[in-house]
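The chain contents come next:
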Number of protein chains: 2
Amino acid sequence: MLDINKAIESLNWDKEPKGLYEPIGYALASGGKRLRPTLAITAAEVIINGGLINGTVIDDVLPAALALEVFHNFTLLHDDVMDKARVRRGRPTVHVQWNENTAILSGDQMLIEAYKLLAQVPSNKVQRTLEMFNEMATGVCEGQQYDVDFEQANNVSIDDYMMMIEKKTSVLLAYAMQIAGYIAGATPAQQEALYRYGLHIGLAFQIQDDILDVYGDPKTFGKAIGGDICANKKTLLLLTAMESADGETKAELLQWLMAVGQDEQKIAAVTAIYNRLGVREKCEAVMEEHTAMALEQLDRLPRNEAAERLRELAERLATRKS
Amino acid sequence: MLDINKAIESLNWDKEPKGLYEPIGYALASGGKRLRPTLAITAAEVIINGGLINGTVIDDVLPAALALEVFHNFTLLHDDVMDKARVRRGRPTVHVQWNENTAILSGDQMLIEAYKLLAQVPSNKVQRTLEMFNEMATGVCEGQQYDVDFEQANNVSIDDYMMMIEKKTSVLLAYAMQIAGYIAGATPAQQEALYRYGLHIGLAFQIQDDILDVYGDPKTFGKAIGGDICANKKTLLLLTAMESADGETKAELLQWLMAVGQDEQKIAAVTAIYNRLGVREKCEAVMEEHTAMALEQLDRLPRNEAAERLRELAERLATRKS
């Protein structure tokens, strides 16, 4: 089995000028789930017969899979500057470890490095791969901008929110699947199924994230419970509550949104409103819908051991506790 | 004749989310010399017979020419954030007009937009074009990092400096020529000549910039004279002075470098040292050498009206006053 972490480690950042390349190595060495390249390689394995690894095909797909991981880490690097985040995966962020200018410039170079990896896919597939990758990258930047815009807006609808998380999170997973499938020789219908699988698990994943932030077990969930509530984040839970609350409950909710410095009471009160309105169940239903739509795509793909892993992944995401 | 400005204006930035695309339109509408796409189109015209515009070839080259201009403006956008520059081409910079986060994110999207344009070159030429573009973009980021590193270093040699300006400024001009020539059907030898023409005019241009900062006519030179001296910038003039000064003059120069808040006297004193050491003449000789090397490349290219324009451009750069 291909070791994604090993492939990422084999990228060489021991180059001059060190001030440009060291932060890239640092950012990429910090681990993470490697979800995107894993999805890409699995998509390729689904397409090639029986899910067995065909060395040549995987060699063709690997540069694109790595490009997706490098791109993802580039977005984290620049997002951390914009959010002034100080810790990422248990270590100081690049702009804290070095400085902001380094995070900007090394981030730019990381984006260029992703395109360098893309240039390594088979010649006759570079153009279409580049187009899909550009489409994906544009979606991620647009999603980030909508996320920023929505923080200030007070008329964000559930549809707006779903569009935003689709762009910010899901298109990267969707194109990870499609690009890898395309390079591995998937038909257009298979490519679409792969794309939609990635899109829907991405949406399910993000919604589960919103739910866990309120209803997660503090022992297994990585972050403090209620963080989104304290920050007034327009999650699916809050937007669902706003849309389903009657006048009185809505007023109560709005009052709590304005509360400052009473975090514990605020979390308890807003959670109580969510419970009263059945927000958790409503959001879980939406999440399960997306999980089901992801699983449906598997009917349009070859049945093999790799496809089985996609099934398990979708089911695991929907029942995860952390 | 192809109107570069019109082609740039025809790029559409009236898209959602406005917070992402408006700053891109703003940055690209601010004018500038459009040197890079002009060089690219001229290189293509040199290659296609007689320098006459062959519509098809220019259509093939145009997306790459525009990608180079979009890329160049992306670097200005992020550089202005890093340098905290407040004005660019007579208008507030993007991070002043909007904010830093906007400049970072819209800059990222601009880099992606450059790659979107690249994906439009003829299919069979995308991979090689992408490779050259990535090489160029990497050079620019490395050059920027060296520039930052050299500000702190006190053992920068003339060779270091030439390497830095080659990466930071010249490779973009060099690859503008080569990429366009490649797409227009240049032979490998012609591509190399185009590359080297761009490289050497870039170096000549940057050296002339250093000279004009001290010896320019305040009436025609856009900036205040002596800005580099006040900022202790390690220009070719300063590095040449350091390398050619004897012990006593070197000590005098170092003393002036430490002077703070006596700008007028500092400019006069350092200029006097430059004059004593013949620094201007030495730098002009280096600049003329690069101009000559650029002109030499024309012998390896078709002789036509477009090549004549390259000759004039190189000669004009060497004698420019602003």
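Every chain's residues receive numbers from 1 upward, in the order its sequence appears when written. Chain A is the first chain written and ligand 1 is the first ligand written, with later ones labelled in order. Totals for whole chains, interfaces and linings use all residues, but because this is a predicted model, local features are given only for residues with pLDDT of at least 70 and pairs of side-chain atoms are given and counted only at 80 or more. Note that water and hydrogens are dropped before the side-chain values are worked out from all heavy atoms of the structure.

**Quick look at helix α14 (residues 279-297) of chain A**
Residues and elements named next belong to chain A. Spanning 19 residues, α14 covers 28 Å between terminal C-alpha atoms, matching the ideal 27 Å at 1.5 Å per step. Only protein chains enter the accessibility calculation, which uses a 1.4 Å probe; a residue whose area is less than 20% of its type maximum is buried, one above 50% is exposed, and one in between is partly exposed. What counts as a helix is a DSSP run of H or I of at least four residues, what counts as a strand is a run of E of at least two, and both are numbered from the N terminus. Within the span of α14, buried status applies to V279, C283, M287, H290, T291, A294, L295 and Q297. Summarising the axial view, the buried residues of α14 lie within an arc of 150°, below the 170-degree limit, and thus occupy one face. What a helix should span is 1.5 Å times the count of its residues minus one. Comment: arc refers to directions from the helix axis out to C-beta atoms.

**Section: the pattern of salt bridges**
Put simply, a salt bridge is a Lys or Arg side-chain nitrogen that is within 4 Å of an Asp or Glu carboxyl oxygen. Considering all chains together, one arrives at 32 salt bridges over all chains under this definition. Here E305(A) ties to R309(A) by a salt bridge, and the two come within 2.8 Å at their closest N and O atoms. You can see E305(A) and its partner R309(A) sitting in helix α15 (residues 305-319), 4 residues apart, about one turn around the helix. The exposure class assigned to E305(A) is partly exposed, which follows from its relative accessible area of 43%. What makes R309(A) partly exposed here is its relative accessible area of 22%. With a closest N to O distance of 3.9 Å, E113(B) and K116(B) form a salt bridge. Of the two residues, E113(B) and K116(B) are both situated in helix α6 (residues 100-118); the distance of 3 residues between them amounts to about one turn of the helix.

**A look at the relation of the copies chain B and chain A**
Superposing the two chain copies requires a rotation about an axis and a translation along that axis. Structural alignment of chain B on chain A gives an RMSD of 0.0 Å, achieved by rotating through 180° and translating 0.0 Å along the axis. Here the transformation between the copies is reduced to the relation of a two-fold axis. Our superposition of the copies is a least-squares fit, built on the C-alpha atoms of residues whose pLDDT is at least 70 in both.

**Side note on the side chain of H72(B)**
Residue and element names in this part refer to chain B. Mapped onto the elements, H72 comes out in helix α4 (residues 55-83). The buried category is assigned to H72, whose relative accessible area is 12%. A contact between two residues is defined here by any heavy atoms of the two lying within 4.5 Å. When near neighbours in sequence (up to four residues on either side) are disregarded, H72 contacts R36, R89 and L172.

**Focus: the packing of helix α4 (residues 55-83) of chain A against helix α7 (residues 126-152) of chain A**
Residue and element names in this part refer to chain A. Note on geometry: axes are C-alpha line fits, over the in-contact stretch for helices, and angles between N-to-C directions span 0 to 180 degrees. Closest axis-to-axis distance for the α4/α7 pair is 12 Å, and the angle between their directions is 20°. Viewed along their axes, α4 and α7 adopt a mutual orientation that is roughly parallel. The way α4 lies across α7 gives a crossing that is right-handed. Residues A67, L68, F71, T75, D79 and M82 of α4 lie in contact with α7, whose contacting residues are F133, M136, A137, V140 and Q144. Taken together, the residues that form the contact of α4 with α7 break down as 8 nonpolar, 2 polar and 1 charged. Note on angle classes: values under 35 degrees are labelled roughly parallel, values over 145 roughly antiparallel, values of 65 to 115 roughly perpendicular, and the remainder oblique. Put simply, a crossing is left-handed when the front helix is turned counterclockwise from the back one by less than a right angle, and right-handed when it is turned clockwise. Three classes are used, and their members are as follows: Ala, Val, Leu, Ile, Met, Phe, Trp, Tyr, Cys and Pro are nonpolar, Asp, Glu, Lys and Arg are charged, and the others, Gly among them, are polar.

**Remarks on empty space enclosed by the protein**
The definitions used throughout rest on a 1 Å grid laid over the protein atoms alone, on which a cavity is an enclosed set of points accommodating a 1.4 Å probe that cannot get out and a pocket is an open set flanked by protein within 12 Å on both sides along at least five of seven lines; lining residues are those having an atom within 4 Å of a point. Grid points are joined across faces, edges and corners, and a volume is the space filled by probe spheres set on the points. Within the structure shown, the criterion is met by 4 cavities of 30 Å³ or more. Empty space within the largest cavity amounts to approximately 140 Å³. Residue lining of the largest cavity: 16 residues in total, with A27(A), L77(A), D80(A), R88(A) and V94(A) positioned closest to the centre. Every element with two or more residues in the lining of the largest cavity is listed here: α2 (18-28), α4, β2 (91-92) and α5 (94-97) of chain A. For the lining of the largest cavity, the element with the highest residue contribution is α4(A), accounting for 5 residues. The volume enclosed by the second largest cavity comes to roughly 120 Å³. Around the second largest cavity sit 13 residues that line it, and A27(B), S30(B), D80(B), R88(B) and V94(B) are the ones nearest its centre. Taken together, the elements giving at least two residues each to the lining of the second largest cavity come down to α2 (18-28), α4 and β2 (91-92) of chain B.

**Quick notes on the interface of chain B and chain A**
One widely used convention gives an interface's size as the accessible area the parts lose upon coming together. Taken residue by residue, the interface counts 35 residues in chain B and 35 residues in chain A. Our enumeration of links across chain B and chain A arrives at 0 salt bridges. Two N or O atoms count as a polar contact when they lie within 3.5 Å, although within protein this holds only if one can serve as hydrogen donor and the other as acceptor, and sequence-adjacent residues are included solely when both atoms are side-chain atoms. Inspection of the chain B/chain A interface yields 18 residue pairs in polar contact (both at pLDDT 80 or more). Counting residues per element, the ones that place at least two in the side of chain B that touches chain A are α2, α4, α6 and α7 (126-152) of chain B. Among the elements that take part in the side of chain B that touches chain A, α7(B) stands out by supplying 13 residues, more than any other. Its residues assigned to classes, the side of chain B that touches chain A shows 18 nonpolar, 10 polar and 7 charged.

**Examining the side chain of E142(B)**
With respect to the secondary-structure elements, E142(B) resides in helix α7. Dropping the residues within four chain positions of it, E142(B) is found in contact with E16(A), P17(A), L20(A), Y21(A) and K167(B).

**Looking at the state of the cysteines**
Two cysteine sulfur atoms make up a disulfide if the distance between them is within 2.5 Å. Overall, the coordinates contain 0 disulfides over all chains when judged by the stated rule. For the unlinked cysteine C283(B), the closest cysteine sulfur is that of C230(B), found at 18 Å.

**Focus: the nonpolar core**
What we call a nonpolar core is a set of buried Ala, Val, Leu, Ile, Met, Phe, Trp, Tyr and Cys residues that are connected through their side-chain atoms within 4.5 Å. Judged by nonpolar contacts, the single largest core of 172 residues is most densely connected at F71(A), F133(A), Y197(A), F71(B), F133(B) and Y197(B). When residues of this core are assigned to domains, at least three fall in each of domain 1 (1-186) and domain 2 (187-322) of chain A. Sequence-distant contacts of F133(A), defined by excluding residues within four places in its chain, comprise A67(A), L68(A), F71(A), A114(A), Y115(A), L118(A) and I179(A). Where each domain begins and ends is defined by an automated method or by a domain database.

**A closer look at the packing of α4(B) against helix α8 (residues 158-184) of chain B**
Residue and element names in this part refer to chain B. For the pair α4 and α8, interaxial distance at closest approach is 9 Å and the crossing angle is 160°. With respect to α8, the element α4 is oriented roughly antiparallel. Handedness of the α4/α8 crossing: right-handed. In this structure, α4 contributes V57, D60, V61, A64, L68, F71 and H72 to the contact, and α8 contributes L172, A176, I179, A180, I183 and A184. Residues belonging to the contact of α4 with α8 are distributed by class as follows: 11 nonpolar, 1 polar and 1 charged.

**Here's the deal with the domain arrangement of chain A**
Residue and element names in this part refer to chain A. When cut into domains, chain A gives domain 1 (1-186) and domain 2 (187-322). Put simply, the middle of domain 1 and the middle of domain 2, counted by C-alpha atoms, are 23 Å apart. On the domain 2 side, the residues contacting the 35 residues of domain 1 number 32 residues. Values labelled buried area give the accessible surface lost by two parts on being combined, using a 1.4 Å probe and summing over both. Of the roughly 2,700 Å² buried between domain 1 and domain 2, counting both surfaces, carbon and sulfur atoms make up 70%. By the criterion of area lost to domain 2, the three top residues of domain 1 are V46, I158 and Y161, representing 22% of everything that side buries.

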